[in-house]
Amino acid sequence: QARAVLEPRVKANPADAEAAAMLSRVRLAYGDFAGAIELAETAVQLNGKVAEYHWLLARACGEQAKSSGFMKGLGLAKRFRQEAEAAITLDSKQIEPRLFLISYYAGVPGIAGGDKKKAEQLADEVSAIEAASDDCPAEPFDGAATTPYA
């Protein structure tokens, strides 16, 4: 149903970043990763100051990377990392991109961008953010993120 509402909205107003982002989320949920990337790119181009749009693009790139060939997958994984980092830069309280990046940095070889120290640094950042939040669990984050990008 969301797709039926959003597709005409995006078509009628291609400059609507929020509509493009919402339709991208729908496409991502239904496994249309290429379509999700295209719409998330549009949202980022229209309003690159929204952390959620960058995170949406990162997630779509990460999902597409999992089902791509080696070389294309490497490019998409790099793009995942860049967009996730952009989301964190725009909103320093973002936890979800950090969790996925922990898995990325800890799980890929160094030649592909893996960096155990960077993963540990991100885990420390998650713990600090959670400790400063009133809504956080009592235990600190232990760095054991389970994500599909490792």
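Our subject is the structure that appears above.
Going along each chain's sequence as written, the residues are numbered from 1 onward. Only residues with pLDDT of at least 70 are given local features in this predicted model, and only at 80 or more are side-chain atom pairs given and counted; all residues enter the totals for whole chains, interfaces and linings. By convention in this description, side-chain values take in all heavy atoms of the structure and omit both hydrogens and water.

I keep staring at the pattern of salt bridges and nothing clicks. Help me out?
Opposite charge on two side chains makes pairing possible when the charged atoms of those side chains draw close. In the sections that follow, a salt bridge refers to a side-chain nitrogen of Lys or Arg positioned within 4 Å of a carboxyl oxygen of Asp or Glu. Counted under the stated rule, the structure contains nine salt bridges. Between Arg79 and Glu41 there is a salt bridge; the shortest N-O distance is 2.7 Å. In this pair, Arg79 sits in helix 5 (residues 70-90) while Glu41 sits in helix 3 (residues 33-46), placing the two residues 38 residues apart along the sequence. The cut-offs for exposure are 20% and 50% of the maximum accessible area for each residue type, with area from a 1.4 Å probe on protein chains only; residues under the lower value are buried, those over the upper are exposed, and the others partly exposed. Overall, the relative accessible area of 24% leaves Glu41 in the partly exposed class. Salt bridges here are not isolated pairs; linked through shared partners, they connect Glu7, Arg27 and Asp32. Numbering goes from the N terminus for both helices and strands, where a helix is a DSSP run of H or I of at least four residues and a strand is a run of E of at least two.

Sorry if this is basic, but what is going on with the packing of aromatic side chains here?
Note on aromatic pairs: each is described by the distance of the centres and the angle between the planes. Within 6.5 Å between ring centres, the rings of Phe, Tyr and Trp (the latter by its six-membered ring) count as paired, and their orientation is classed by plane angle as stacked under 30 degrees, edge-to-face over 60, tilted in between. Within the structure shown, the criterion is met by four aromatic pairs. Between the aromatic rings of Trp55 and Phe80, the centroid separation amounts to 6.3 Å while the plane-to-plane angle is 55°, which identifies the pairing as tilted. Taken together, the residues span a long stretch of sequence, with Trp55 in helix 4 (residues 51-66) and Phe80 in helix 5 at a distance of 25 residues. For the pair formed by Trp55 and Phe80, the shared burial category is buried. Their ring planes at 65° and their centres at 5.2 Å tell us that Trp55 and Phe100 sit as a pair that is edge-to-face. Linking Trp55 in helix 4 with Phe100 in helix 6 (residues 96-107), this pair joins segments that are 45 residues apart in sequence.

Would you take a moment to explain the nonpolar core for this structure?
Generally speaking, soluble globular proteins have nonpolar side chains that are buried together. Among the buried residues, those of types Ala, Val, Leu, Ile, Met, Phe, Trp, Tyr and Cys that are joined through side-chain atoms within 4.5 Å form a nonpolar core. By size, the foremost hydrophobic cluster in this structure holds 41 residues, and its most contacted members are Trp55, Phe80 and Leu101. Listed by contribution, the elements that provide at least two residues to this core are helix 1 (2-12), helix 2 (17-29), helix 3, helix 4, helix 5, helix 6 and helix 7 (116-132). Looking at which element gives the most residues to this core, the answer is helix 4, with nine residues.

Honestly, the packing of helix 5 against helix 6 in this entry has me stumped. Any pointers?
Axes are the key here: two packed helices are described by the angle between their axes and the distance separating the axes. Lines are fitted to the C-alpha atoms to define the axes, a helix being fitted only along its stretch in contact, and any angle between axes, read from their N-to-C directions, falls within 0 to 180 degrees. At a closest axis distance of 10 Å, the pairing of helix 5 and helix 6 adopts a crossing angle of 145°. Crossing of helix 5 against helix 6: the hand is left-handed. In this structure, helix 5 uses Ala77, Lys78, Phe80, Arg81, Ala84, Glu85, Ala87 and Ile88 to contact helix 6, whose residues at the interface are Pro97, Arg98, Phe100, Leu101, Tyr104 and Tyr105. Put simply, Ala, Val, Leu, Ile, Met, Phe, Trp, Tyr, Cys and Pro go in the nonpolar bin, Asp, Glu, Lys and Arg in the charged bin, and everything else, Gly too, in the polar bin. When the residues that make up the contact of helix 5 with helix 6 are grouped by side-chain class, the tally is ten nonpolar, no polar and four charged. Throughout, a crossing is termed right-handed when the near helix is turned clockwise from the far one, and left-handed when it is turned anticlockwise from it by less than a right angle. Contacts are assigned to residue pairs with any non-hydrogen atoms lying within 4.5 Å of each other.

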